[in-house]
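Below, each chain spelled out in residue letters.
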Amino acid sequence: MTQHKTYLTEMSARAAYSKAARSQLVEARAKLDNIRATIKQAAATGRLQPSEPLNRALGAMEVNFAAAETQLRVLQKSGGHNWEEERHELDEAWENLARSIAILVTRFSDESRD
């Protein structure tokens, strides 16, 4: 009985974490879409001349978003006993995504003309 209760607790924790991560992913996608739109608008108005470093930063952000999305799917499909390991992988993917967003925002700020 205790083993079953532990399993249910793990499954419940995984479901709660997964739900929170899904919400973060939706929020991150909205933020990324906003950043992309801001860059496009700045380029259209002449406040920004897109550069190779900016395009690389934008590409890295998209790659890291896709990696976080993939890790979330892996976590959602993981078994009860290895979800903590998958959670760690997802946490790393989130850190990489956050870092790439920060780099992109900095690059945009550096290159835009006010």
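Conventions adopted
- Every chain is numbered independently, its residues counted from 1 as its sequence is written.
- Only residues with pLDDT of at least 70 are given local features in this predicted model, and only at 80 or more are side-chain atom pairs given and counted; all residues enter the totals for whole chains, interfaces and linings.
- Side-chain figures throughout are based on the complete set of non-hydrogen atoms in the structure, without hydrogens or water.
- In this description a helix means any DSSP run of H or I spanning at least four residues, a strand means any run of E spanning at least two, and both kinds are numbered starting from the N terminus.
- Contacts were defined at the residue level, with two residues in contact if any of their heavy atoms lie within 4.5 Å.
- The span one expects for a helix is its residue count, reduced by one, times 1.5 Å.
- Relative accessibility decides the category of a residue: with a 1.4 Å probe and only protein chains considered, values under 20% of the type maximum give buried, values over 50% give exposed, and everything between is partly exposed.
- Think of a polar contact as two N or O atoms within 3.5 Å of one another; within protein, one of them needs to be a possible hydrogen donor and the other a possible acceptor, and neighboring residues in sequence only count if both atoms come from side chains.
- Centres within 6.5 Å make a pair out of two Phe, Tyr or Trp rings, where for Trp the six-membered ring is used; the pair is then stacked when the planes are under 30 degrees apart, edge-to-face when over 60, and tilted otherwise.
- Charges are assigned to positions over rings by a cutoff of 6 Å between ring centre and Lys NZ or Arg CZ, combined with an angular limit of 35 degrees from the ring normal.
- All axes here are fitted lines through C-alpha atoms, helices being fitted over the stretch that makes contact, and every angle between N-to-C directions spans 0 to 180 degrees.
- Any angle that is under 35 degrees is reported as roughly parallel, and any over 145 degrees as roughly antiparallel; angles of 65 to 115 degrees are reported as roughly perpendicular and all others as oblique.
- Helix crossings are classified by the rotation of the near helix relative to the far one: an anticlockwise turn of less than a right angle makes the crossing left-handed, while a clockwise turn makes it right-handed.
- Ten residues, namely Ala, Val, Leu, Ile, Met, Phe, Trp, Tyr, Cys and Pro, are considered nonpolar, four, namely Asp, Glu, Lys and Arg, are considered charged, and the remaining ones, Gly among them, are considered polar.
- When a carboxyl oxygen of Asp or Glu is within 4 Å of a side-chain nitrogen of Lys or Arg, the pair counts as a salt bridge.

Novice: Help me out: how do you make sense of the environment of Ile101 in this one?
Specialist: Relative to the assigned elements, Ile101 resides in helix H3 (residues 83-111). Separated by 44 residues in sequence, Ile101 and Ala57 have C-alpha atoms that sit 8.1 Å apart. In this structure Ile101 touches Lys31, Leu32, Ile35 and Met61, once residues within four positions along its chain are discounted.

Novice: Would you explain helix H2 (residues 52-77) in this entry?
Specialist: Because the α-helix completes a turn every 3.6 residues, residues three or four places apart line up on one side. Compared with an ideal rise of 1.5 Å per residue, which puts 26 residues at 38 Å, H2 spans 38 Å between its outermost C-alpha atoms and is within 8% of the ideal. By the burial criterion, the buried members of H2 are Leu54, Ala57, Leu58, Met61, Asn64, Phe65, Ala68, Gln71, Leu72 and Leu75. Its side-chain oxygen 3.2 Å from the backbone nitrogen of Leu54, Ser51 forms the N-cap of H2.

Novice: I tried to follow the packing of aromatic side chains on my own but got confused; where do I start?
Specialist: How two aromatic rings sit relative to each other is set out by the distance from centre to centre and by the angle between their planes. The tally for this structure, following the rule as stated, stands at zero aromatic pairs. The side chain of Arg29 reaches across the aromatic face of Phe65, ending 4.2 Å from its centre.

Novice: When you look at the packing of H2 against H3 in this model, what are you seeing that I'm missing?
Specialist: Helix-helix packing: each pair is described by the crossing angle between the helix axes and the interaxial distance. Close contact between H2 and H3 brings their axes to 8 Å; oriented N to C, the two are set at 160°. In terms of orientation, H2 and H3 fall into the roughly antiparallel class. Considering only the axes of H2 and H3, their crossing is left-handed. For the contact of H2 with H3, the residue count by class is 20 nonpolar, four polar and five charged.

Novice: Can you help me understand the pattern of salt bridges in this one?
Specialist: Think of it this way: side chains of opposite charge can pair up when their charged atoms draw near. This model, assessed by the stated rule, comprises five salt bridges. Two residues, Arg36 and Glu62, come together in a salt bridge whose shortest N-O distance is 2.7 Å. Separated by 26 residues along the polypeptide, Arg36 in helix H1 (residues 2-44) and Glu62 in helix H2 bring together distant segments of the chain. Via salt bridges that share partners, Arg29, Asp33, Arg36 and Glu62 belong to a single interconnected network.

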